[in-house]
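Structure at a glance
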Amino acid sequence: MTPVLLYWNHICVLHPQEKAFLTRLTETLRAADIALEVRYFGLGYPEHMSEYLARPDAVLPDLIVSADLEVFEDPRIFGKLQGTLYPAADWIPLRSGAALDAVKRAPELLPFVSIPLVYHTREPDTCAQTALTDWNGLAFGGINNSAVKTVVKLVWEQSGMEAARALLARSHIADMPIGAFQTVRQARAQTALVPSIYALRADGTNTFLCTPQEGAVLIPSYLCARTSAPEWALRQVTEAILCRELAEFYVRNGDLIVYPDVTDLHSKQEDRPVCCPSAAWLSTLAPETFYAMYRAALPAAHDPLARTESA
């Protein structure tokens, strides 16, 4: 048996079905002489993947699937992986388009899915007239996952650090995206920037789904593969994960944008403009600078490296 250790930190609201899929896949791969072991991170588990990988004693896996973007965006963490990765971005065909162009990064990172963030609102006219940097009282959530961090980084890239800081100061920031959705549902805020699966619950009379001026904000996930395991085995596992069954599940149940060219199903957001922080800009952002601002604005936020150093 060829052992393959997979670390998984993906779509938390769909995780029970993900875990069931991976359990079945583990049994299927045994017939191909591959012993897949999966370790899970994120909501419901002791740590996010970035927190674990930041630890000096972290054991590196053979394969990663993660929507915890600090794994790839924080050089203090991704630096542990660089130099040990296969150029996996072209291991399977991907669906071309604006969404793929927006999330393309290093040749070692294979885009899997994106969560599109859109407005769930009681004031559609205001949404049409308001740039993301100009909101007062916007709700959004996910302080210690990738959602709020991505919005902050996008505004920072487009308008500077002070604009990002000001947006946080003027906004209602929830621990998780569902909390931001609830603020509009309960009329405690007029507009929330939330995953489209929540905004699609709008009734079209009192609440509406609107796309930000800048485009739906994408929270992408990536797969990467380390040279610690044979390429043939990791390619086989990759093809088994990024398959039609899981892609169609994500579209139907999460309205996610999927990148593997394995299905004709599409997110309802794929015909809309999209945006996310650029790879070029992210490469210039020092994590120490980012977390100094982010933690000062949001006391509940934590820096994975700071948690490690204080442990």
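Residues numbered from 1 in each chain as written. Predicted model: local features only at pLDDT ≥ 70, side-chain atom pairs only at ≥ 80, totals over all residues. Heavy atoms only, no water.

Some words on empty space enclosed by the protein
As a reminder, the rule being used: Using only the protein atoms, space was sampled on a 1 Å grid; points where a 1.4 Å probe fits but cannot get out form cavities, open sets with protein on both sides within 12 Å along at least five of seven lines form pockets, and lining residues are those with an atom within 4 Å of a point. Grid points are joined across faces, edges and corners, and a volume is the space filled by probe spheres set on the points. Helix numbers and strand numbers start at the N terminus; a helix is a DSSP run of H or I with at least 4 residues, a strand a run of E with at least 2. Gly is placed with the polar residues, together with every amino acid not listed as nonpolar (Ala, Val, Leu, Ile, Met, Phe, Trp, Tyr, Cys and Pro) or charged (Asp, Glu, Lys and Arg).
Following the criterion strictly, the structure yields 2 cavities of 30 Å³ or more and no others. There is about 60 Å³ of room inside the largest cavity. What lines the largest cavity is simply Glu-70, Glu-73, Asp-74, Pro-75, Lys-153, Leu-282, Leu-285, Pro-287, Phe-290 and Tyr-291. Contributions of two or more residues to the lining of the largest cavity are made by helix H3 (70-73) and helix H14 (287-297). Among the elements that make up the lining of the largest cavity, the one with the highest residue count is H14 (3 residues). Empty space within the second largest cavity amounts to approximately 30 Å³. Lining the second largest cavity, in full, are His-48, Ser-50, Glu-51, Asp-68, Asn-144, Lys-149, His-302 and Pro-304. A per-class count over the lining of the second largest cavity returns 1 nonpolar, 4 polar and 3 charged.

Remarks on the nonpolar core
The condition that has to hold: Here, the term nonpolar core denotes a set of buried Ala, Val, Leu, Ile, Met, Phe, Trp, Tyr and Cys residues that are joined through side-chain atoms within 4.5 Å. For every residue, the accessible area (1.4 Å probe, protein chains only) is compared with the maximum for its type, and the residue is labelled buried under 20%, exposed over 50%, or partly exposed between those bounds. Whether two residues touch is decided by their heavy atoms; if any such pair falls within 4.5 Å, the residues are in contact.
Judged by nonpolar contacts, the single largest core of 110 residues is most densely connected at Trp-8, Ile-241, Tyr-250 and Tyr-294. Among the elements that make up this core, the one with the highest residue count is strand S9 (residues 216-225) (8 residues). Apart from the residues within four sequence positions on either side, Tyr-250 is in contact with Trp-8, His-10, Ile-11, Leu-14, Glu-18, Phe-112, Val-113, Asp-255, Leu-256 and Val-258.

What about the pairing of strand S4 (residues 110-121)?
What counts is decided by this rule: At least two bridges found by DSSP between two strands are what make those strands a pair.
Across the 12 residues that make up S4, a large majority, 12, are buried. The pairing of S4 with S9 spans 6 bridges and is classified as antiparallel. Pairing of Leu-117 across the sheet is with Val-217, part of S9. Of the pairings in the sheet, the one linking S4 to strand S10 (residues 257-258) comprises 2 bridges and is antiparallel in character.

Some details on the side chain of Arg-105
The condition that has to hold: We define a polar contact as two N or O atoms separated by no more than 3.5 Å, with the added condition that, inside protein, one atom must be a possible hydrogen donor and the other a possible acceptor, whereas residues neighbouring each other in sequence contribute only through side-chain atom pairs.
Looking at the element boundaries, Arg-105 is found in the loop between helix H5 (98-103) and S4. One polar contact links Arg-105 to Tyr-222, side chain to side chain, over a distance of 3.1 Å. Discounting chain neighbours no more than four positions away, the residues touching Arg-105 are Leu-69, Glu-73, Pro-220, Tyr-222, Pro-277, Ala-279 and Leu-282.

Side note on the layout of surface pockets
Estimates place the volume of the largest pocket at around 500 Å³. The wall of the largest pocket is formed by 31 residues, among which His-10, Ile-11, Cys-12, Ile-115 and Asn-145 lie closest to the centre. Secondary-structure elements contributing two or more residues to the lining of the largest pocket are strand S1 (2-9), helix H1 (15-30), S4, helix H7 (146-159), helix H9 (177-185) and helix H10 (196-199). Of the residues that constitute the lining of the largest pocket, the class distribution is 20 nonpolar, 9 polar and 2 charged. Estimated volume of the second largest pocket: approximately 300 Å³.

Side note on the side chain of Thr-191
Examined against the element boundaries, Thr-191 turns out to sit in strand S7 (residues 191-195). A relative accessible area of 1% means that Thr-191 is categorised as buried. A polar contact is formed between the side chain of Thr-191 and the side chain of Glu-123, at a distance of 2.8 Å. With sequence-adjacent residues up to four places away left out, Thr-191 is seen in contact with Tyr-119, His-120, Thr-121, Glu-123, Cys-127, Trp-135, Gly-137, Leu-138, Ala-139 and Val-184.

Let's talk about the packing of H1 against helix H12 (residues 244-254)
Angle between the axes and distance between the axes: these two values describe a pair of packed helices. Threshold: Between the N-to-C directions of two axes lies an angle of 0 to 180 degrees, each axis being a line fitted to C-alpha atoms and, for a helix, fitted only over the stretch in contact. Our angle categories are set so that under 35 degrees counts as roughly parallel, over 145 as roughly antiparallel, 65 to 115 as roughly perpendicular, and the remainder as oblique.
Running from amino to carboxyl end, H1 crosses H12 at an angle of 175°, the nearest separation of the two axes being 12 Å. What the angle tells us is that H1 and H12 run roughly antiparallel. Along its contact with H1, which presents Gln-17, Glu-18, Phe-21 and Arg-24, the element H12 presents Glu-245, Leu-246, Phe-249 and Tyr-250. Across the contact of H1 with H12, the residue classes break down as 4 nonpolar, 1 polar and 3 charged.

Comments concerning the environment of Ala-174
Take Ala-174: it is sitting in strand S6 (residues 172-174). Here the alpha-carbon distance between Ala-174 and Pro-124, two residues 50 residues apart in the chain, equals 22 Å. What Ala-174 contacts, discounting residues up to four positions off in sequence, is Phe-140, Gly-141, Gly-142, Ile-143, Gly-179 and Ala-180.

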